[in-house]
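Remarks on the overall topology
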Amino acid sequence: FYYNNGIMALQEAEKIKGAKLAPDQQQQKKDFNSKGEQALKDAVPYAEAAMKDLETGFKKEDKSKYKSAVNLLQNIYQSLGDKVNLKKYQDIYDAADAKFVN
């Protein structure tokens, strides 16, 4: 929910373009960006909770769901331009196959 709303708001902001934007267009773009970023930030605790829940026991049948949750976090941080957390979750994603052996 939060992730989808965030991405949709950021996409709406991207649609507002031009060399010279009117003040109302500038404000609208700023509002869409702000709402999108906030929605993505609101999604983080839910994605992290899902990831943590799936780490319990590292069961092989949970690997795909775990990787999906981690990938969602990667997408969030990429959209927010947060390279540090993006790298963190890329490393977690890359290490997932080795963790889920049971």
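Given the structure is predicted, the values throughout are model-derived calculations rather than measurements.

It is worth spelling out the environment of Q90 at this point. With respect to the helices, strands and loops of the structure, Q90 is situated in helix α4 (residues 83-99). Of the residues examined, Q90 reaches a relative accessible area of 32% and is grouped as partly exposed. Expressed as a C-alpha distance, the spacing of Q90 and Q28, which sit 62 residues apart in the sequence, is 33 Å.

Moving on to helix α3 (residues 63-80). A rise of 1.5 Å per residue sets the reference length of α3, with its 18 residues, at 26 Å; its end C-alpha atoms lie 26 Å apart and thus fit the reference within 8%. All of the buried residues in α3 are Y66, K67, A69, V70, L73, Q74, I76 and Y77. Among the structural elements, α1 (2-15), α2 (23-55) and α4 are those in contact with the buried residues of α3.

The next point concerns the nonpolar core. Grouped together as the largest cluster of nonpolar side chains are 19 residues, with contacts concentrated most on M51, Y66, V70, L73, Y77, Y89 and I92. Looking at this core, the elements that each hand over two or more residues are α1, α2, α3 and α4. Setting aside chain neighbours within four positions, we find Y77 in contact with V44, E48, D82, N85, L86 and Y89.

Next up on the list: the packing of aromatic side chains. The tally for this structure, following the rule as stated, stands at 5 aromatic pairs. Taking the centre distance of 4.9 Å and the plane angle of 50 degrees together, the rings of Y66 and F100 count as tilted. Linking Y66 in helix α3 with F100 in the segment after α4, this pair joins segments that are 34 residues apart in sequence. Under the relative-accessibility criterion, F100 is labelled buried at 2%. Judged by centre distance (5.7 Å) and plane angle (5 degrees), the rings of Y77 and Y89 are stacked. With Y77 in helix α3 and Y89 in helix α4, the pair connects residues that are 12 residues apart, well separated along the chain. For Y77, a relative accessible area of 9% corresponds to the buried category.

Conventions used here
- Residues numbered from 1 in each chain as written.
- Predicted model: local features only at pLDDT ≥ 70, side-chain atom pairs only at ≥ 80, totals over all residues.
- Heavy atoms only, no water.
- Helix = DSSP H or I, 4+ residues; strand = E, 2+ residues; numbered from the N terminus.
- Buried < 20%, exposed > 50% of the residue type's maximum accessible area, 1.4 Å probe, protein only.
- Expected span 1.5 Å × (residues − 1).
- Contact = heavy atoms within 4.5 Å.
- Core = buried A, V, L, I, M, F, W, Y, C linked by side-chain atoms within 4.5 Å.
- Phe/Tyr/Trp six-rings, centres within 6.5 Å; stacked < 30°, edge-to-face > 60°.

Shape descriptors only; they carry no functional weight alone.
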